[in-house]
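# A closer look at the structure
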Amino acid sequence: MTPSKLVKRLRIDDPDRFRLAAFDPADTGGLDKDDAQALLADDVKRLAELQQRLYADGRWALLIVLQGMDAAGKDGVIDHVMTGLNPQGCSVHAFKAPSEEELSHEFLWRAAVRVPERRRIGIFNRSHYEETLVVRVHPELLERQKLPPRLVGKNIWKERFQDIRKFERHLARSGVAVLKFFLHVSREEQRQRLLERLEQPAKRWKFSMTDIAERKLWDKYMAAYEDMLRGTSREFAPWYVVPADRKWFARLTVARALTETLDSLDLQFPRVEGAALKELEQVRAMLESEGSEHVDANTPSTSKDR
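Residues numbered from 1 in each chain as written. Predicted model: local features only at pLDDT ≥ 70, side-chain atom pairs only at ≥ 80, totals over all residues. Heavy atoms only, no water.

### Thoughts on the pairing of strand E1 (residues 61-68)
Note the threshold: Relative accessible area decides the class of each residue, using a 1.4 Å probe on protein chains only: under 20% of the type maximum gives buried, over 50% gives exposed, and in between gives partly exposed. Strands here are runs of E lasting at least two residues and helices are runs of H or I lasting at least four, both read from the DSSP assignment and numbered beginning at the N terminus. Think of it this way: DSSP has to see at least two bridges between two strands before they count as a pair.
Burial analysis of E1 places 8 of its 8 residues in the buried class, the great majority of the element. Alternating positions in E1 separate into two faces, Ala 61, Leu 63, Val 65 and Gln 67 on one and Leu 62, Ile 64, Leu 66 and Gly 68 on the other, with burial throughout. In this structure, E1 lies alongside strand E4 (residues 176-184), joined through 8 bridges in parallel fashion. Following the sheet pairing, Gly 68 is matched in E4 by Leu 183. Relative to strand E3 (residues 121-125), E1 is paired through 5 bridges, and the arrangement is parallel. Paired with Val 65 across the bridge in E3 is Phe 124.

Here it is as structure tokens:
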């Protein structure tokens, strides 16, 4: 199966029928690692070209949302897929526990202020979706948000899905292309990666005891993810369920989805025409003339010239 067909199959186009159990975290679509890495190299090169077009075109921005359990590979996707991008046109924001200032605003505020401006690519490493995941699994966190009690009812998660859909529709209508990736790692693969962090000194700094505490709530998180994916994947801001047990496959999937989305925007370099073009032609003639004068001035004279 080609990467393009795989990407289409992994996109949630029919939320009502979506079931997370239908997606295998170890799926590789029949690709092997060597072929996938070669394809990824091509896509990374293409992404760099498309980023130039995005900046020159000036009408669009791209927002990439990465969600997943601990050790799902979000940092690795950023490192390997975005490696060829110009950092001046790209920003990455990691959403940690909200600050007191952020808690004093409505829950979408801290995401809204970090939406990339036109011409740029923004990456959310975790995102506003934490408010429907970790806060849902730990409902006591709602108390920190100081919401009026009558607004914290049994429908709060559906209401937040609705708020997010409206927020992302607004972005799409304003020229922000929104792509969202759930890195779907299996519980066993997460266990292996957490062990690797403990065993390798260079990775121990990534380990946190909260990773183990959250791991015990795996089933609750999977239920929250399934409900969230079903409730917020729409054509204007689709979710992709990315099998993440094989890091090389997850990276290729994200890269291919990004290149295809940017390709679909019909990004164009601005055309220089009319008076502006004539002015450039005059400048070119001046520079060329200056060059010939410089060559003549530095040409050694012959005895006859003397």
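### Quick notes on a nonpolar patch on the surface
Note the following rule: Only residues whose relative accessible area exceeds 30% and that form no salt bridge are eligible for patches; like-charged ones are grouped when within 9 Å, while nonpolar side chains (Val, Leu, Ile, Met, Phe, Trp, Tyr) are grouped when within 5 Å. Methods summary: accessible areas were calculated by the Shrake-Rupley approach with a probe of 1.4 Å, and residue burial reflects only the protein chains presented. By definition here, a salt bridge exists when the distance from a side-chain nitrogen of Lys or Arg to a carboxyl oxygen of Asp or Glu is within 4 Å.
On the surface, a cluster of nonpolar side chains totalling about 210 Å² of accessible area is made up of Leu 147, Leu 151 and Val 152. One can find Val 152 in the loop between helix H6 (134-137) and helix H7 (156-173).

### A word on the packing of aromatic side chains
The test is simple: Pairing of aromatic rings covers Phe, Tyr and the six-membered ring of Trp, with a centre-to-centre limit of 6.5 Å; geometry is then stacked below 30 degrees between planes, edge-to-face above 60, and tilted otherwise. Charge-over-ring contacts are defined here by two conditions on Lys NZ or Arg CZ: a distance within 6 Å of the ring centre and an angle within 35 degrees of the ring normal.
Inspection of every chain in the model, using the stated rule, returns 6 aromatic pairs. Measuring from ring centre to ring centre gives 5.3 Å for Phe 181 and Tyr 240, while their planes differ by 25°; the resulting arrangement is stacked. Placement of Phe 181 in strand E4 and of Tyr 240 in strand E5 (residues 239-243) is noted, with a sequence separation of 59 residues between them. Between the NZ or CZ atom of Arg 119 and the centre of the ring of Tyr 55, over which it lies, the distance is 5.0 Å. Lying across the ring of Phe 107, Arg 160 places its NZ or CZ 4.5 Å from the centre.

### Thoughts on the packing of helix H1 (residues 3-10) against helix H11 (residues 247-264)
Geometrically, a packed helix pair is captured by the angle between its two axes and the distance between the axes. Operational definition: Axis definition: a line fitted to C-alpha atoms, limited for helices to the stretch in contact. Angles are taken between N-to-C directions and run from 0 to 180 degrees. Any angle that falls under 35 degrees is termed roughly parallel, while one over 145 is termed roughly antiparallel, one within 65 to 115 roughly perpendicular, and all others oblique. In what follows, residue pairs with any heavy atoms lying within 4.5 Å of each other are defined as contacts. Residue polarity follows a fixed list, in which Ala, Val, Leu, Ile, Met, Phe, Trp, Tyr, Cys and Pro are nonpolar, Asp, Glu, Lys and Arg are charged, and the others, Gly among them, are polar.
Running from N to C, H1 and H11 point in directions that differ by 90°, and their axes come no closer than 9 Å. Classified by the angle their axes make, H1 and H11 are roughly perpendicular. Residues Pro 3, Ser 4, Leu 6, Val 7 and Leu 10 of H1 touch H11, and the partners they reach there are Phe 249, Leu 252, Thr 253, Arg 256, Ala 257 and Glu 260. Taken together, the residues that form the contact of H1 with H11 break down as 7 nonpolar, 2 polar and 2 charged.

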